[in-house]
Amino acid sequence: MNVQSKEKEMLAFLERLVNIDSGSNNKAGVNEVGKELIPYFEKIGYEITKVKQDEAGDHLIIKHPAQKKASILIVAHMDTVFEEGTAKERPFSIREGRAYGPGVIDMKASLVSVIYALRYLKEINSNAYQDVQVILNSDEEVGSLTSRPIIEKEAYEKSYALIMEPARRDGSVVTERRGSGRFTIEVHGKAAHSGIEPEKGRSAIEELAHKILKLHELNDHEHGISVNVGIIEGGDAVNTVSAMAIGHLDVRVATLKQAEEVEHKIEEVCASSDVTGTEIELTGDMRRPPMLKNKKNEKLFHIVKKVGAELGIEIKDTKTGGGSDASFTSAMGIPTIDGLGPIGGNAHSDKEYLEISSLTERTLLLAKVIERLAEENNKVQQT
Ligand SMILES: [Zn+2]
């Protein structure tokens, strides 16, 4: 099989996937994406375990029975950030070498790529594909709360983790990500008429304002710490002292130490009130640890770079502030690389696109990387 000759077929498959709305909260939609994918895996001998979810789509664990202990873990997600109806509003389309549509690059093109890479390996009679285990999760875009323990359990004792987030615009793969956290600050005050008896009120909005200023002082962009209250809610009427105010906080950090320190400082800020008589309830935590460019990850990157060079592709790496499931496997000490999906940009927006020429290119790269890693693994086992 020649991967390049499959482009049309792959795009038709991608079109079907993009035209299924599969927002993280769209259980039926995510399951429908799974239903499209499963037969492709089964056809090349994989066995699929569905991990049922109550509110979200099922996670899929995909293993080849010929290999009891696969050494390579591939993680990709089936959910998108888009509401139901988006696919109808702006379905899959192609213009000037780029494909558009909800989730086209984040990460439906990657799902197609994984399947065709494994198919390719089987067709060239490489057993490397059997050495792969795939996890397709349904909640990556909302922090992988229920899939995290599955990823961590399955990653245990794997030699490599390949995370299928898209390659960056310039084709770079990702070797470093900041860690991230989400917190909610709920302030309870006491309502009172601000004209008649303001002294009886305790303003939750005023209290939250103090907290926002203190939290934003934790910013240290130079060292990779960002703290942002991005949404506030609260108040009932303009002439009422507010009884309730809520702030939603996003936190990014570059190191594990920063994650601990910042979390501690947030707790400290919220431990006491500035406006007497108000109460603060802090929930949330640091969800994803940072993905660090450690020796193990760097070594894996160099393998990918070398395989790329053999295919005539120069592979560069980059860091990004966004989180992904790479953080989990990397924090476990599993050599991890991210951004192995096709090339594109503008993820999470209506301008999201896939660079079509990269679809087959990166699929072949992925296949060859798998082949090389399986060889590396055999070498290790023999020595
Ligand atoms: Zn993604």
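Above: the structure in question.
This one's a predicted model, so the numbers in the text were calculated from it and none came from an experiment.

Q: What am I meant to see in the nonpolar core here?
A: The nonpolar side chains of a soluble globular protein tend to be buried, and buried together. Residues L37, F41, L118, L136, L162 and I370 are the most contacted members of the largest nonpolar core, which totals 66 residues. Those residues within four positions of L162 in sequence are excluded, and the remaining contacts are I72, L73, I74, V75, L300, I337, L340, L366, V369, I370 and L373. Counting 20 residues, the second-largest nonpolar core is a separate cluster that includes V187, A204, L215 and M286.

Q: I keep staring at the sheet that holds strand 14 (residues 279-288) and nothing clicks. Help me out?
A: By definition, the strands of a sheet pair up through backbone hydrogen bonds, in either a parallel or an antiparallel sense. Spatially, the four strands line up as an open sheet ordered 11-13-9-14, and their pairing is antiparallel. Since the sheet does not close on itself, it has two edges, and those belong to strand 11 (226-234) and strand 14, each with one partner. Recorded for the sheet is a direction-independent mean angle of 15° between the axes of neighbouring strands. One ladder, built from eight bridges, connects strand 11 with strand 13 (residues 244-253); its direction is antiparallel. Bridging from a neighbouring strand, S226 pairs with R252 of strand 13. Docked against the sheet, helix 6 (residues 204-216) engages strand 9 (179-188), strand 11, strand 13 and strand 14, running at close to 170° with respect to strand 11.

Q: Looking at this structure, how should I read the pattern of salt bridges?
A: Any two side chains of opposite charge can pair, given that their charged atoms come close. Enumeration according to the criterion identifies 26 salt bridges in this entry. The salt bridge involving R177 is made with D338; its shortest N-O contact spans 2.7 Å. A residue pair is termed long-range when its members are at least 10 positions apart, and R177 in strand 8 (residues 173-177) and D338 in strand 16 (residues 336-338) qualify at 161 residues. A salt bridge links D250 to R252; the nearest nitrogen and oxygen atoms lie 2.9 Å apart. The residues D250 and R252 share a single accessibility class, namely buried. Bridged by salt links that share partners, the residues E207, K211, K214 and D274 form one connected network.

Q: Looking at this structure, I do not really get the coordination of the zinc ion. What am I missing?
A: Put simply, a metal with four donors set out as a tetrahedron has ideal angles of 109.5 degrees, and one with six donors set out as an octahedron has ideal angles of 90 or 180 degrees. Taken together, H77 (NE2), D106 (OD), E165 (OE) and E165 (OE) make up the protein donors of the zinc ion, found 1.9 to 2.7 Å from the metal. One can describe the donor arrangement at the zinc ion as irregular, given that its four donor atoms subtend angles of 52 to 145° at the metal.

Q: Help me understand unusual backbone geometry in this model?
A: A cis amide bond links D106 to the next residue, M107, at an omega of -10°. Among the structural elements, M107 can be located in helix 4 (residues 104-123). For N125, which is not glycine, the phi torsion reads 60° and is therefore positive. On the secondary structure map, N125 appears in the loop between helix 4 and strand 6 (132-137). You can call N125 exposed: its relative accessible area is 70%. Located in the positive-phi region is H348, a residue other than glycine, with phi close to 70°. Tracing the backbone through its elements, the reader meets H348 in the loop between strand 17 (344-345) and strand 18 (353-355).

Q: Before we go on, may I ask you to explain the packing of helix 8 (residues 295-310) against helix 10 (residues 357-382) in this structure?
A: Describing two packed helices takes the angle between their axes plus the distance from one axis to the other. Contact pair helix 8 / helix 10: the axes reach a minimum separation of 10 Å and the direction vectors enclose 125°. Compared by their axis directions, helix 8 and helix 10 come out oblique. Both helix 8 and helix 10 take part in a crossing whose hand is right-handed. In this structure, helix 8 contributes L300, I303, V304, V307, G308 and E310 to the contact, and helix 10 contributes L365, K368, V369, R372, L373 and E376. Among the residues forming the contact of helix 8 with helix 10, the class breakdown is seven nonpolar, one polar and four charged.

Q: Would you mind showing me how to read the sheet that holds strand 18 here?
A: Reading across the sheet, the four strands line up as 4-5-18-17 and stay open at both edges, with antiparallel pairing between neighbours. Each of the sheet's edge strands pairs with one partner strand only, and the pair in question is strand 4 (93-95) and strand 17. In the sheet, strand 17 pairs with strand 18 via two bridges, with the strands oriented antiparallel. In the sheet register, G345 faces strand 18, and the bridge partner there is Y353. The strands touched by helix 4 are strand 5 (98-100), strand 17 and strand 18; relative to strand 18, the strand with the most contacts, the crossing angle is about 50°.

Conventions we followed
Residues numbered from 1 in each chain as written. Predicted model: local features only at pLDDT ≥ 70, side-chain atom pairs only at ≥ 80, totals over all residues. Heavy atoms only, no water. Core = buried A, V, L, I, M, F, W, Y, C linked by side-chain atoms within 4.5 Å. Buried < 20%, exposed > 50% of the residue type's maximum accessible area, 1.4 Å probe, protein only. Contact = heavy atoms within 4.5 Å. Pairing = 2+ DSSP bridges. Helix = DSSP H or I, 4+ residues; strand = E, 2+ residues; numbered from the N terminus. Axes fitted to C-alpha atoms, helices over the stretch in contact; angles between N-to-C directions. Salt bridge = Lys/Arg side-chain N within 4 Å of Asp/Glu carboxyl O. Donors = N, O, S within 2.8 Å, 3.2 Å for Na, K, Ca; no water. Tetrahedral: all angles 85-135°; square planar, octahedral: opposite > 155°, others 65-115°. Parallel < 35°, antiparallel > 145°, perpendicular 65-115°, else oblique. Left-handed = near helix turned anticlockwise from the far one by under 90°. Nonpolar A, V, L, I, M, F, W, Y, C, P; charged D, E, K, R; others polar.

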